Amino acid sequence: MGEPNVIRFAEKVILLLDQGEFTATYKYAVLLGLMDLCLERSERDGSPPDVLTTDQLARKAIELYWRQSQRFAPLHDRIPLQNRRGQAEILTLITRFREQHAPDPNSTLFRAKLHDPERFEQLVREVEWKLVEMPLPKLQRVGRELDPFIYDISWDDQIRRRMFKSREFDNRIRFQPGASRCLVALAGVLRPLVHRHWATRVTQLNSLQESGLDEFLFGADRSALRPVCPPLLELQGGRCFYCAGRIQAKPQVDHFLPWARCPDDGLANLVVAHDACNRQKSDFLADAGHVASWVERAVHHAQGLGEVAANACWPHDPQRTSSVVRSIYRRLPDDMRLWHLEQKFVPIDRARLTAALTLLPDLAS
Ligand SMILES: [Zn+2]
């Protein structure tokens, strides 16, 4: 079998999104999870992985559902339902974990994990089982037909829990040839589409108005970024990451890779900028010069960043962020324009970009 045609692949994914067989919202989580993992686990040359595991997917699903397991004000402070009857089990599992280990509603997943790593691993196993049992064998079914065009797994929907728990269980999600490449190539267009479908589904399940729901389900939690602002600004010598001017007031923490493209709150993805520069950069990708400064910071301030993360108890996975930066920038079309400063956009400086990305250390150990 040759490489799939990207457009054909996209059409099939859209077909999966459109069909309404699912009672819970898991299929969205699985699609986004696979996409994110392909970006995060890309090789040094930018090629995505051929195989993922259900364990990796479970951790990703917990990340995705974490912010969604909060109370939503327009719903009289209830947690939005994500299943036709009662709550989706994965959300119930996460809610229970949150109540015991992170009663503060603003607590990050990272902190809750540190609070009781053992119990967190139990949660991962439970969520993994739910994914194995429900969405993974069913996702690629259109009507009665199974069309495994994204991945192959070694079990079907008849799987029993004891089989999952046995030593022989093969937890691999093996991508079809070219499928992970398609997911990465399409991530920029599929992500907002999956968000849209997901939000619409939650709206229906809760008889809600859609306003504000997108932000609740997928938005970046900006206020939570405040604790890392002063130490990051200090690391930047008190200057704006983008224009290098002194920041006198209202410093803003910016996601270097825009949140809309890749939800990564890891410290390596955070920079401090003027309020205005932050607003102008918006959800755009920064140009090659900014990538070079970002790589330079990652290399020369590796230790400083590690210390800021440790002091603020902040997630820091430079390998993951580097992998996504490489993955996204290597794949940009030649005629794409990148944000420079203010309202100015520039063509891709491929040579500078490649030179910068080559300096990025391979942090895998
Ligand atoms: Zn600035």
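Residues numbered from 1 in each chain as written. Predicted model: local features only at pLDDT ≥ 70, side-chain atom pairs only at ≥ 80, totals over all residues. Heavy atoms only, no water.

Take the packing of aromatic side chains next. Overall, the coordinates contain 16 aromatic pairs when judged by the stated rule. The interplanar angle of 80 degrees and the centroid separation of 5.8 Å between the aromatic rings of Phe 241 and Phe 256 together place this pair among those described as edge-to-face. Of this pair, Phe 241 sits in the loop between helix H11 (229–235) and strand S6 (252–255) while Phe 256 sits in the loop between S6 and strand S7 (270–273), and the two are 15 residues apart along the sequence. With respect to class, Phe 241 is no different from Phe 256; both count as buried. Three or more aromatic residues joined by ring pairs make a cluster, and in this case those are Tyr 26, Tyr 28, Tyr 65, Trp 198 and Phe 218. Cation over ring: Arg 98 sits above Trp 66, and NZ or CZ is 4.1 Å from the ring centre. (Phe/Tyr/Trp six-rings, centres within 6.5 Å; stacked < 30°, edge-to-face > 60°. Helix = DSSP H or I, 4+ residues; strand = E, 2+ residues; numbered from the N terminus. Buried < 20%, exposed > 50% of the residue type's maximum accessible area, 1.4 Å probe, protein only. Lys NZ or Arg CZ within 6 Å of the ring centre and 35° of its normal.)

With that settled, consider the domain arrangement of the protein chain. Along its sequence, the protein chain is organised into domain 1 (6–218) and domain 2 (225–359). Taken together, the contact pairs 20 residues of domain 1 with 19 residues of domain 2. Buried surface at the junction of domain 1 and domain 2, both sides included, amounts to about 1600 Å², of which 47% is carbon and sulfur. The interface formed by domain 1 and domain 2 contains 2 salt bridges. As a salt-bridge pair, Glu 63 and Arg 320 come within 3.3 Å of each other at their nearest N and O atoms. Inspection of the domain 1/domain 2 interface yields 11 residue pairs in polar contact (both at pLDDT 80 or more). For the side of domain 1 that touches domain 2, the secondary-structure elements that each account for two or more residues are helix H2 (26–40), helix H3 (54–66), helix H5 (109–115) and helix H9 (179–206). (Domains from an automatic or database assignment. Contact = heavy atoms within 4.5 Å. Buried area = accessible area lost by both parts, 1.4 Å probe. Salt bridge = Lys/Arg side-chain N within 4 Å of Asp/Glu carboxyl O. Polar contact = N/O pair within 3.5 Å; in protein donor to acceptor, adjacent residues only side chain to side chain.)

Bringing unusual backbone geometry into the picture now. Excluding glycine, residues mostly carry a negative phi; peptide bonds, for their part, are mostly trans. Unusually for a residue other than glycine, Lys 250 sits at a positive phi of about 50 degrees. Checked against the element boundaries, Lys 250 lands in the loop between H11 and S6. Lys 250 sits in the exposed class, given a relative accessible area of 55%. The backbone phi angle of Cys 313 is positive, close to 55 degrees, even though this residue is not glycine. By relative accessible area, which is 23% here, Cys 313 ends up partly exposed.

Moving on: the sheet that holds strand S1 (residues 51–53). Ordered in space as S1-S5-S4, the 3 strands form an open sheet in which the pairing is antiparallel. A strand with exactly one partner marks an edge of an open sheet, and here the two such strands are S1 and strand S4 (151–152). Relative to strand S5 (residues 172–175), S4 is paired through 2 bridges, and the arrangement is antiparallel. The partner of Tyr 151 across the bridge, within S5, is Phe 175. Sheet strands touched by H2: S1, S4 and S5. Its angle to S5, the strand with the most contacts, is close to 75 degrees. (Pairing = 2+ DSSP bridges. Axes fitted to C-alpha atoms, helices over the stretch in contact; angles between N-to-C directions.)

At the metal site, the zinc ion is ligated by Cys 240 (SG), Cys 243 (SG), His 274 (ND1) and Cys 277 (SG), and these contacts range over 2.2 to 2.3 Å. Each of the 4 donor atoms around the zinc ion contributes to a set of angles spanning 92 to 119 degrees, which defines the coordination as tetrahedral. Expressed as a motif, the donor residue spacing for the zinc ion is C-x2-C-x30-H-x2-C. Linking Cys 243 in the loop between H11 and S6 with His 274 in the loop between S7 and helix H12 (275–281), this pair joins segments that are 31 residues apart in sequence. On the basis of relative accessibility, which here comes to 33%, the residue Cys 243 falls in the partly exposed class. (Donors = N, O, S within 2.8 Å, 3.2 Å for Na, K, Ca; no water. Tetrahedral: all angles 85-135°; square planar, octahedral: opposite > 155°, others 65-115°.)

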